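# Commentary on secondary and tertiary structure
The primary structure of each chain is shown beneath.
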Amino acid sequence: MKLPECLELIAAWSAQRPGKWDGLAEEASARDAALGGADWGASFAADPGEGGFGLCAFSGGEPVLRLRWDGRSGALRDERRFGARRGGRVPVVFSAPGAGPRAREERSAALAAARFASPDLSAAFRLFSARCPVAAVETEWEGGAPTGAWRLRLRDPEPWARFLRVDLAVPFGPEAAALSLVFAGRFVRAAAWEGESLWAELAA
Amino acid sequence: MRLDASAWAFSAGLGAQWRAVTRRREQSALRRLRAASAACSRRAPAALRRGAPRSFDAILKKPDAARARLLTHPALDYWLHLWETHFDKAIGAEDWALHLGLLAGMAAELCRARGTRARLESTLDPNGRLHLNGGPLSFDFGPAAAGRPAAIETDGGAVSVVPAGGAPARAPAGFCVAAGARAESGGAVVRAAPEAAAGMFVESRSWLCNHGVVMHGLVELDDADLARFTAVAREALAEAAVVEPGLADEMTDLVRLLIPLKTSDTMASVSSSYTTMRGAICLSHSDSSILQVETLIHEFCHQKVNFVTEIDPMIEPGQMGQVYYSPWRPDARRLRGLLLGAHAFLNVARHIHRRIAAASLQDPAMVDAMRNVALRVLQSESALSTIARHADATAFGAAVAARLSQECGALSLAVMRYPEALRAEAAAEAAAHRARCQLGDTGLYKPAGFEDRLPRAAFALPAASAEAA
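Everything numeric in this text was worked out from a predicted model, so none of it was measured. Counting restarts for each chain, with residues numbered from 1 along the sequence as it is written. Ligands are numbered from 1 and chains lettered from A, in the order in which they are written. This being a predicted model, a pLDDT of at least 70 is required before a residue's local features are given, and a value of 80 or more before pairs of side-chain atoms are given or counted; all residues contribute to the totals for chains, interfaces and linings. Hydrogens and water are ignored here; the side-chain numbers use all heavy atoms of the structure.

## A closer look at the environment of Ala65(B)
All names here are of chain B. Each helix corresponds to a stretch of at least 4 residues labelled H or I by DSSP, and each strand to a stretch of at least 2 residues labelled E; elements are numbered beginning at the N terminus. Structurally, Ala-65 is set in helix α5 (residues 65-71). Exposure is judged per residue with a 1.4 Å probe applied to protein chains only, and the accessible area is read against the type maximum: over 50% gives exposed, under 20% gives buried, and values in between give partly exposed. Under the relative-accessibility criterion, Ala-65 is labelled exposed at 60%. For the pair Ala-65 and Asn-133, spaced 68 residues apart in sequence, the C-alpha to C-alpha distance is 16 Å.

Written out as C-alpha cells, the structure is:
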C-alpha cells in the first residue's frame with residue numbers, strides 16, 4: 001500500500017486509543033518523498049502500554065526503511081535503514097534519537113534451520129507455522145550478538161482474523177475487538193518481537 | 001480408527017468405537033504408569049524403593065478386567081498427572097511417600113477386587129486416611145495419624161490396614177457390598193462409599209480425588225447428607241436411562257466418581273470437571289433430580305470430549321490460547337471451550353426437550369424447562385458459528401461441529417412448538433447478551449467499556465433524513 005493508506009490505517013487505530021501520533025505523518029512523508037514514493041506496510045504492538053506502531057517502506061518486496069513510533073512520547077523511537085541483501089544477511093543501520101547510528105545485521109533462515117533460546121519457543125513457532133506457514137525467521141544482530149529482536153515472515157500474507165486465532169497472537173486478544181475493527185480486510189505479513197512486545201506487520 | 005461424528009456428538013452407547021477409545025485410554029495409562037515405575041526405581045528415596053515395586057507390579061503385571069477398570073479411573077488419571085507435573089523436579093521424601101502411598105491404595109483395591117493375597121507399603125494421607133481409590137473402601141485414622149507409614153494386607157477380598165505403632169483396622173470380605181457401610185475397627189472408621197450407579201461412587205473424602213478440585217468449594221457430607229445426595233443422583237441417572245439409554249450407558253461406564261461440592265452462597269447449582277481427572281464429576285447437591293440430570297449430562301459431555309480427544313483433538317493444535325465471545329458467560333472463552341459448551345448444552349437441551357415432549361408441551365410446569373431449551377439452542381448456534389468462522393478443526397472436529405449444527409436446526413424447529421412469548425423472551429435474552437459482549441456478529445469478544453470510535457462515512461436512513469428536513 002502507499003503511505004496515505006497506511007496513515008489512514010494509523011488514524012483509524014489512533015481513534016481507538018489515546019496517544020500522540022501527530023508528528024508521525026510528517027516524519028514518514030519526508031522519508032517517503034526521499035524514497036520517491038515507496039510501498040509501505042504498517043505494524044502494531046500488541047501491548048497497549050507499548051503505545052506504539054511502526055511503518056516499513058519496501059522496494060521490490062525487500063524492506064528499505066523501518067520506523068518505530070512511540071505513542072506515549074509522541075516521537076520517533078528508532079529507525080532502521082536496510083542495505084542490499086546478500087544471501088541470508090541484510091546490513092542494517094540502526095539509529096535512535098540521542099544516539100549515533102549503529103551497524104546491525106538481519107539474518108534470515110528457514111524455520112527448520114533456525115536456532116532459538118528455548119525448546120518451548122521452537123515448538124511454539126513450529127505450531128504457529130502449521131497454521132500460518134513461515135517463510136523465514138529473521139533475527140537481528142549487533143557486534144556478533146543477537147539483539148533479541150526476531151521476525152517470522154509469513155510465506156503468504158494471512159488475513160488478520162485468521163492470524164488472530166493462533167496461539168502466537170494471544171497478546172492481541174484483550175484488544176481483539178478494537179483491533180479487528182481497524183484491521184478488517186488487512187493481511188498480516190509478519191509477526192515480530194522487539195523489546196517487550198509482539199508486533200503484527202500488516203500489508204494491504 | 002475413523003471416528004463416527006454422530007456417536008461422539010450425541011450418544012451411541014457402548015459400541016465398538018466407545019470400546020476402542022476406552023482401550024486406547026487404558027494403553028495410554030499403562031504406558032504412563034510404566035514410565036513412572038521406571039523413574040521411581042531410579043529416583044525414589046532409598047527407603048521407599050523396596051516397597052514401591054510391589055504396588056506397581058500389582059497393577060502392571062496382571063492384565064484383567066479389574067485392571068482395565070483401574071486404568072481408566074479418575075484417581076489413577078490424576079495420580080499420573082501429579083506424577084508427570086511434579087516428580088521430575090526436586091521433591092521431598094514426604095511427597096514421595098505420600099504419592100507412592102496413594103498408588104499403594106489403588107494397588108490394594110485391585111488386589112481386593114481380585115481376591116488375591118498381597119502386602120503393600122503405604123502412607124496415610126494428610127488427613128490420616130487411606131483410600132483404596134478405584135473402589136469404595138477407605139480407612140480413617142484421624143488427623144493425628146497423617147503421614148504415618150501403614151501396611152496394607154489383602155486376602156480373599158478382606159483388607160487390613162496397620163499404621164506404624166497402631167492397631168490393625170479391618171474390612172472383611174463383602175464389607176463393600178453394602179454400599180455406604182460404616183464400621184469402626186482398630187481405631188479407624190472404615191467406610192464404603194455409596195454408589196449412585198453400578199461402579200459410580202460418591203466420594204467426598206479422598207485426598208487424591210479432592211486435590212485437583214480447585215474451581216469450587218468441596219464439602220465433606222455427613223452420613224445423612226451423603227445418603228440424600230446419592231439418592232437424588234441415583235434418581236437422576238435412572239431418569240436419564242429412561243429417556244436416552246445409550247447416553248446413560250456411556251455415563252455409567254465413563255463416570256466413576258461423583259464429588260460433592262459446597263452449594264454456593266447464592267444457592268445456585270455449581271459443577272465442574274477436569275481434564276486431569278477424566279471420569280470424575282464434581283457437583284453441588286440439589287433435591288431436584290431434573291437439575292441434577294442436567295448437570296450430570298453437561299459435565300459428562302465435557303468428560304466425553306476429553307475422553308475422545310485421546311484419539312483426535314477436534315481443533316487443530318496451535319489455536320488453543322486465543323479467546324472469543326462466549327454466549328454463556330460474561331468473559332471470553334477459548335475455541336475449544338466453545339465447542340465443549342455447544343456439545344454439552346445441546347445434549348442437555350435435546351434431553352430436556354425429549355422429557356418435555358414425553359410429558360406435555362402444554363403443561364405450564366414445563367415452561368421453565370422450555371425456556372431453558374429455547375435459550376440454549378440460540379446460544380449454541382452462536383458458539384458453533386464462531387467455531388465455523390475462526391477455528392481450524394480436524395476432519396473429525398468439523399464433522400462433530402456439523403452434527404451439532406444439524407441438531408441445533410432440529411431443536412430450533414422443535415422449539416417452534418413452544419409458546420411464542422417464551423421464545424421471544426429467550427431470543428431477547430440471547431440477543432441482549434450478544435449486544436453486550438460480542439462485536440457485532442463477528443464472534444469476537446467485546447470487553448466491558450469498549451467504545452467503537454472508528455471514523456465512518458456519514459449516513460442516515462432516508463426516513464431519518466426526511467424527518468430532520
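Right, picking up where we left off after that structure.
## Quick word on the confidence of the model for chain B
Predicted confidence across chain B gives a mean pLDDT of 93, with 99% of residues reaching 70 or more. Overall fold confidence for the complex sits at a pTM of 0.89, while the interface term, ipTM, reaches 0.87. Scored between 0 and 100, pLDDT is the confidence that the predictor attaches to each residue.

## So, the packing of helix α9 (residues 223-243) of chain B against helix α11 (residues 289-308) of chain B
All names here are of chain B. Every angle, taken between N-to-C directions, lies between 0 and 180 degrees, and every axis is a line fitted to C-alpha atoms, over only the stretch in contact when it is a helix. Following both chains from N to C, one finds α9 and α11 inclined at 70 degrees, their axes separated by 8 Å at the closest point. On the basis of the axis angle, α9 is roughly perpendicular to α11. Each of Val-232, Ala-233, Glu-235, Ala-236, Leu-237, Glu-239 and Ala-240 in α9 lies in contact with α11, whose residues at this interface are Ser-289, Ile-290, Gln-292, Val-293 and Leu-296. The residue classification treats Ala, Val, Leu, Ile, Met, Phe, Trp, Tyr, Cys and Pro as nonpolar and Asp, Glu, Lys and Arg as charged. All others, Gly included, are polar. In the contact of α9 with α11, the residues fall into eight nonpolar, two polar and two charged. Here is the rule for angles: anything less than 35 degrees is roughly parallel, anything more than 145 is roughly antiparallel, 65 through 115 is roughly perpendicular, and the remaining ranges are oblique. Any two residues whose heavy atoms approach within 4.5 Å are treated as being in contact.

## Some details on the nonpolar core
In this text, buried Ala, Val, Leu, Ile, Met, Phe, Trp, Tyr and Cys residues form a nonpolar core when linked through side-chain atoms within 4.5 Å. With 130 residues, the main nonpolar core has Phe163(A), Phe172(A) and Leu258(B) as its most contacted residues. A per-element tally of this core places helix α12 (residues 335-359) of chain B first, with twelve residues. Sequence-distant contacts of Phe172(A), that is, excluding residues within four places in its chain, are made with Phe44(A), Ala45(A), Ala46(A), Trp160(A), Phe163(A), Leu164(A), Leu179(A), Leu198(A), Trp199(A) and Ala200(A).

## Comments concerning the interface of chain A and chain B
Listed by partner, the interface residues are 22 residues for chain A and 22 residues for chain B. Buried area, as used here, totals the accessible surface that two parts lose on assembly, with accessibility defined by a 1.4 Å probe and the loss added over both. Here chain A meets chain B over a buried area of about 1,800 Å², counting both sides, of which 54% is carbon and sulfur. By definition, a salt bridge exists where a carboxyl oxygen of Asp or Glu is found within 4 Å of a side-chain nitrogen of Lys or Arg. Where chain A meets chain B, there are three salt bridges. Polar contacts, as used here, are pairs of N or O atoms within 3.5 Å; protein pairs need one atom able to donate a hydrogen and one able to accept it. Residues neighboring in sequence count only if both atoms are side-chain atoms. Between the two partners, chain A and chain B, sit ten residue pairs in polar contact (both at pLDDT 80 or more). For the side of chain A that touches chain B, the secondary-structure elements that each account for two or more residues are α1 (3-16), α3 (119-131), α4 (160-164) and α5 (176-183) of chain A. Looking at the side of chain A that touches chain B, the element that brings in the most residues is α5(A), giving six residues. Of the residues in the side of chain A that touches chain B, the class split is 14 nonpolar, three polar and five charged.

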